[in-house]
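Given next are the chains, with one letter for each unit.
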Amino acid sequence: MSSQSHPKDTKHPRFGHLPLSTSGPEECALTGTSLLRSPYHNKGSAFPQNERKDFKLYGLLPPNVQTLDEQVKRAYEQYSKRGNALGKNTFMTSMKDQNEVLYYKLIQEHLKEMFSIIYTPTEGEAIQNFSQLFRRPEGCFLNIDDRDRVEDNLAQWGGPEDIDYIVVTDGEEALEIKVPTGVISYSQPYVPAYTPQERFRSCLIVELMSVNSVTIFHALLTRWKNDQLLKDELYLGLRKPRTRGEDEDFGLTNARRILDNYRPKIACFNDDVQGTGCITLAAILSGLHVGKLKLSDMRLVIFGSGTAGIGIADQVRDAIAAESGKSKEDAAKRIWCVDKPGLLLKSMADSLTIGQGPFARDDKEWHGKDHKDLLSVIKEVKPHVLIGTSTKPKAFTEEVVKEMSKHVERPIVLPLSNPTRLHEAEPKDIYEWSEGRALIATGSPFPPVEYRGKKYEVAECNNSTAFPGIGLGNVLSRSKLLSDKMLVAAVKAIAAQSPALKDPDKGLVPDITDVREMSVHIAKAVIQQAVEEGLATEKEIPQKDEDLEEWIREQMWEPRYRPLMRVEKAEASTHGRGELGSGGVAKQAK
């Protein structure tokens with residue numbers, strides 16, 4: 001290697017033989033302009049002299065060889081000059097189409113600043129303008145009117161041995177935004193995806209999880225329900241009314257049924273249901289630690305009993321049952337769920353969803369008591385924890401918070417509705433109404449709050465703190481299922497890293513900027529639990545904590561340029577030939 005070649009890669013050689021190892025060179029059968037057009041392999045001005053020679057790049061690049069850090073500096077300057085948030089979002093889309101390593105490295109260096117650009121709220125605007133912003137397709141589109149081709153469509157992404165992670169959506173809606181059918185490339189958070197949430201989740205698979213092995217992103221084209229979009233001449237989805245009834249097996253209203261059906265059969269995860277529940281439960285556990293209260297002694301009121309609210313209730317119930325040895329039915333008695341009609345009661349059985357049913361209260365408990373509004377329920381229950389997933393702005397009024405604070409020394413108040421305009425209350429008001437005693441986490445980022453000369457950090461209950469590590473643990477352990485105990489292990493791993501454990505004025509859950517490191521701890525807990533339950537199928541998983549962490553880190557993709565080894569096309573892996581979509585791991589050179 002010349003002085004301008006890549007330095008020798010010595011990262012964790014002990015586990016360098018693993019199929020998902022990120023050490024050593026990677027093969028590449030592309031040369032010349034074909035190589036420069038491959039976002040997975042392209043290094044742009046950072047190609048060293050030896051690779052410019054070996055891969056026939058002389059004359060195709062400026063002569064000066066630059067470092068990745070220098071490229072990041074230039075890219076950030078270009079990003080900063082974009083006039084508005086959507087322009088920055090679109091810039092990131094274009095960058096990923098050109099150079100994936102640079103794209104992820106830029107995000108890694110400026111994650112806190114870019115989070116609102118690549119995720120809520122900016123991605124909502126990008127999603128709604130998907131057809132206008134469309135440049136090139138990404139992912140796998142499965143058409144409901146062309147079901148016979150599903151197997152052929154999937155085969156283009158390789159065989160079963162090539163696929164580690166699948167993200168599926170029908171694009172019905174996300175973050176209260178109605179999403180155009182078939183949206184995949186809505187902006188460019190971290191990797192291709194479909195709805196604001198699915199794209200972001202998929203991107204986090206690489207940036208935070210961090211597995212850059214083959215991930216298929218499915219957009220189920222199930223027709224759209226927005227007449228205005230259907231009339232748009234640029235609209236790219238099916239120009240038909242949205243599918244409902246028997247043919248619709250993936251819509252928002254079917255989330256619980258699908259999850260319950262497939263969890264006993266395959267390793268699957270619904271982030272709206274389980275991801276929200278995991279990160280919220282972690283915040284609760286941290287808050288209870290500060291308040292010196294056991295989970296099994298806690299009283300919880302959830303205001304908003306839709307998918308997210310019931311997902312939280314499920315996680316909390318399961319954790320109480322695991323901690324106390326109680327049945328899930330008994331554990332559910334510590335939870336009171338409130339929705340539009342008021343407190344959920346068993347007499348409402350005909351109108352309750354499958355998920356709501358187990359949390360409906362016995363009518364006899366509330367005979368003669370007012371249960372139609374939140375304040376009345378708060379007065380009667382005297383909860384330690386109040387969670388908002390209602391999307392009803394200002395629902396946590398001064399009277400509600402003060403009533404709760406009368407009976408609890410350290411009330412835990414979690415207004416989680418997104419986007420910010422739909423929050424049940426603002427942190428500054430909650431601190432004032434509780435006289436600084438409340439422990440708060442929100443669904444969107446908020447700045448620190450000052451109250452009576454003291455500064456309080458407001459944690460964000462963002463699912464992205466939880467699901468990357470859960471996914472990483474599942475992929476690396478090759479677990480047959482994702483069990484309740486594996487999720488509880490993930491929650492405990494998150495809660496154990498809570499800044500509030502050392503200082504109650506800090507956040508209840510770790511900051512998003514710490515998620516990459518958090519993913520290691522979460523994955524370790526998930527893998528160990530999978531092994532304990534006999535669900536892990538990966539062979540020779542290290543038993544010692546320090547060895548397991550090293551094993552995990554070796555398989556975590558990082559945004560750095562690895563040396564390329566030229567191979568003949570016939571000998572190369574699918575990715576080495578540049579024939580897979582975004583996010584694949586090339587065969588390691590031996």
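Residues numbered from 1 in each chain as written. Predicted model: local features only at pLDDT ≥ 70, side-chain atom pairs only at ≥ 80, totals over all residues. Heavy atoms only, no water.

So, on to the pairing of strand 10 (residues 385-388). Neither face of strand 10 is open: one carries V385 and I387, the other L386 and G388, and all of them are buried. Of the strand pairs in this sheet, strand 7 (residues 300-303) and strand 10 are connected by 4 bridges, and their pairing is parallel. Looking at strand 10, one finds that L300 is bridged to V385. In terms of strand pairing, strand 10 meets strand 11 (residues 412-415) through 4 bridges, oriented parallel. Residue I387 lies in a different strand from strand 11, and its bridge partner there is L414. Handedness of the strand 10-helix 17 (residues 398-407)-strand 11 crossover: right-handed. (Buried < 20%, exposed > 50% of the residue type's maximum accessible area, 1.4 Å probe, protein only. Helix = DSSP H or I, 4+ residues; strand = E, 2+ residues; numbered from the N terminus. Pairing = 2+ DSSP bridges. Right-handed = clockwise from strand over helix to strand, strands pointing away.)

The next thing to look at is the pattern of salt bridges. Throughout the structure, instances matching the rule amount to 29 salt bridges. One salt-bridge network, held together by shared partners, links R256, D260, R263, D314, R317, D318, K328 and D484. (Salt bridge = Lys/Arg side-chain N within 4 Å of Asp/Glu carboxyl O.)

Positionally, N463 belongs in the loop between strand 15 (459-460) and helix 19 (467-477). Leaving out residues up to four positions away in the same chain, N463 has contacts with D271, G275, T276, I279 and P468. (Contact = heavy atoms within 4.5 Å.)

What characterises a pair of aromatic rings is the spacing of the ring centres plus the angle enclosed by the ring planes. Tallied over the full model, the rule gives 6 aromatic pairs. A ring pair is formed by Y76 and Y79, whose centres lie 6.2 Å apart and whose planes are at 20°; its orientation type is stacked. Highlighted residues: Y76 and Y79, both in helix 3 (residues 68-80), separated by 3 residues, approximately one helical turn. Judged by its relative accessible area of 1%, Y79 falls in the buried class. Arranged with centres 4.9 Å apart and planes meeting at 70°, the rings of Y103 and Y104 form a pair that is edge-to-face. Its relative accessible area of 0% is what places Y103 among the buried residues. Site record: aromatic cluster; members linked through ring pairs are Y76, Y79 and F91. Stacked on the ring of Y262, the Lys or Arg K265 has its end atom at 5.4 Å from the ring centre. For K369, the ring lying beneath its charged end belongs to W366, and the centroid distance is 6.0 Å. (Phe/Tyr/Trp six-rings, centres within 6.5 Å; stacked < 30°, edge-to-face > 60°. Lys NZ or Arg CZ within 6 Å of the ring centre and 35° of its normal.)

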